[in-house]
Amino acid sequence: MRPLRLTLALAVTPLVLAAQQPPVETKARPPLEVGAVAPDFTMRGATRYGVLANPVHLSDFKGKTVVLAFFYKARTSG
Amino acid sequence: MNAYRDQYAKLFKNGRGVVLVAISADPDTALASWARDSEFPFLFASDTGLAVAKRYGALAEHPGLTNRNLFVVGPEGRIAYRAIPFREVDPTAYTELGAAIRE
């Protein structure tokens, strides 16, 4: 192979490989800062009376103060 | 979680105008049965895919779990306060949270 073609082939190869990478998974973000808009969410809900029939959205509580308390795992102290 | 229950009337005004949503990666059925057994008066939400924890920044170091980060969302929809993490064995954590909710 002529030197120029070899150089081009070597230059293009990493680009081709990069294009074939699977999409990067959603990476962990740092905690949202005070002042940031709280993103809406949709999750299945539950209370002491059972699982909720309809999903829970943050937008359901528009106009209220909402405390989002993440915790480790059910039935642990966390 | 017991402290949230015990403080519920004082801190969260029994849910009037203030909504507490406790979030973990547990399935909704596990949350419901725990809430029933412990008589928790507030709402739980199941973040099984951890999408919400990722978006808010509440992933635990242990894979598959959420951590103890707490965010207060004001009526206008912005983060008004955060406890990273919420120190549930520290009484001042509740005092600070109460003050943040009342503002």
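Structure's up top.
> Before we move on, can you summarise helix α3 (residues 28-38) of chain B with the specific residues and values?
Here α3(B) has its buried residues at D28(B), L31(B), A32(B), S33(B), W34(B), A35(B) and S38(B). Turning to α3(B), the residues buried within the fold contact β1 (42-47) and β2 (50-51) of chain A together with α1 (2-6), β1 (18-24) and β2 (43-46) of chain B.

> Please provide a residue-by-residue account of the interface of chain B and chain A, values included.
Taken together, the contact pairs 59 residues of chain B with 42 residues of chain A. Note on chain B versus chain A: buried area summed over both sides is about 4,900 Å², and carbon and sulfur give 62% of it. Taken together, chain B and chain A are joined by four salt bridges. Where chain B meets chain A, there are 28 residue pairs in polar contact (both at pLDDT 80 or more). At the level of secondary structure, the elements contributing two or more residues to the side of chain B that touches chain A comprise β1, α3, β2, α4 (51-56), β3 (70-73) and β4 (79-83) of chain B. Among the elements that make up the side of chain B that touches chain A, the one with the highest residue count is α3(B) (nine residues). Looking at the side of chain B that touches chain A residue by residue, the classes come out as 36 nonpolar, 11 polar and 12 charged. The pairing of strand β4 (residues 65-70) of chain A with β3(B) spans four bridges and is antiparallel. Paired with V66(A) across the strands is V73(B), a residue of β3(B).

> So what's going on with the side chain of D28(B)? Which residues, and what values?
In this fold, D28(B) is placed in helix α3. Judged by relative accessible area, D28(B) falls into the buried class, the value being 11%. Only 2.9 Å separates the side chain of D28(B) from the side chain of R44(A), close enough to count as a polar contact. Leave out the neighbours within four places in its chain, and D28(B) touches R44(A), G45(A), A46(A), V51(A) and S46(B).

> If you had to explain the pairing of β4(A) to someone new, which residues and values would you point to?
As a general feature of sheets, a regular strand has side chains that alternate between the two faces. Summarising burial for β4(A): six of the six residues are buried, a large majority. The alternating pattern of β4(A) places T65(A), V67(A) and A69(A) on one face and V66(A), L68(A) and F70(A) on the opposite face, and all of these are buried. Relative to β1(B), β4(A) runs parallel, the two sharing six bridges. Its bridge partner lying in β1(B), F70(A) is registered against I23(B).

> Please provide a residue-by-residue account of the pattern of salt bridges, values included.
Scanning all chains against the criterion turns up seven salt bridges over all chains. Ionic pairing is found between R82(B) and E33(A), a salt bridge with its closest N-O pair at 3.9 Å. Of this pair, R82(B) sits in strand β4 while E33(A) sits in the loop between α1 (3-19) and β1, which puts the two residues in different chains. For the salt bridge of R75(A) with D37(B), the shortest nitrogen-to-oxygen distance reads 2.8 Å. You can see R75(A) sitting in the segment after β4 and its partner D37(B) sitting in helix α3, one on each of two chains. Judged by its relative accessible area of 48%, R75(A) falls in the partly exposed class. Through salt bridges with shared partners, a single network forms among R75(A), R36(B) and D37(B).

> Summarise the packing of aromatic side chains; cite the residues concerned and give the values.
Going through the model one piece at a time under the given rule, you end up with 18 aromatic pairs over all chains. Plain terms: the ring middles of F70(A) and F71(B) are 6.1 Å apart, the flat faces sit at 85° to each other, and that makes the pair edge-to-face. With F70(A) in strand β4 and F71(B) in strand β3, the pair connects residues from two separate chains. The buried category is assigned to F70(A), whose relative accessible area is 2%.

Cut-offs applied
Residue indices begin from 1 for each chain and proceed along its sequence in written order. Chain letters and ligand numbers both follow the written order, the letters beginning at A and the numbers at 1. Local features in this predicted model are restricted to residues of pLDDT 70 or higher, and side-chain atom pairs are both shown and tallied only at a pLDDT of 80 or more, whereas totals for entire chains, interfaces and linings draw on every residue. Side-chain measures were taken over the full set of non-hydrogen atoms in the model, leaving aside hydrogen atoms and water. Categorising residues by exposure relies on relative accessible area from a 1.4 Å probe, with only protein chains included: less than 20% of the type maximum marks a residue as buried, more than 50% marks it as exposed, and the intermediate range marks it as partly exposed. Think of it this way: any DSSP run of H or I at least four residues long counts as a helix, any run of E at least two long counts as a strand, and we number them from the N terminus. In what follows, a contact means two residues having at least one pair of non-hydrogen atoms within 4.5 Å. What gets called buried area is simply the loss in accessible area from a 1.4 Å probe that two parts show on being joined, summed for both. One side-chain nitrogen of Lys or Arg within 4 Å of one carboxyl oxygen of Asp or Glu is enough to make a salt bridge. Pairing of N or O atoms within 3.5 Å defines a polar contact, subject to two protein rules: one partner must be a possible hydrogen donor and the other a possible acceptor, and residues neighboring in sequence count only if both atoms are side-chain atoms. As a working rule, the residues Ala, Val, Leu, Ile, Met, Phe, Trp, Tyr, Cys and Pro are called nonpolar, Asp, Glu, Lys and Arg charged, and the rest polar, with Gly in that last group. Pairs of strands are assigned from DSSP output, requiring at least two bridges between the strands. Ring geometry is summarised as follows: Phe, Tyr and Trp rings, the Trp one being its six-membered ring, pair when their centres sit within 6.5 Å, and such pairs are stacked at plane angles under 30 degrees, edge-to-face over 60 and tilted between the two.

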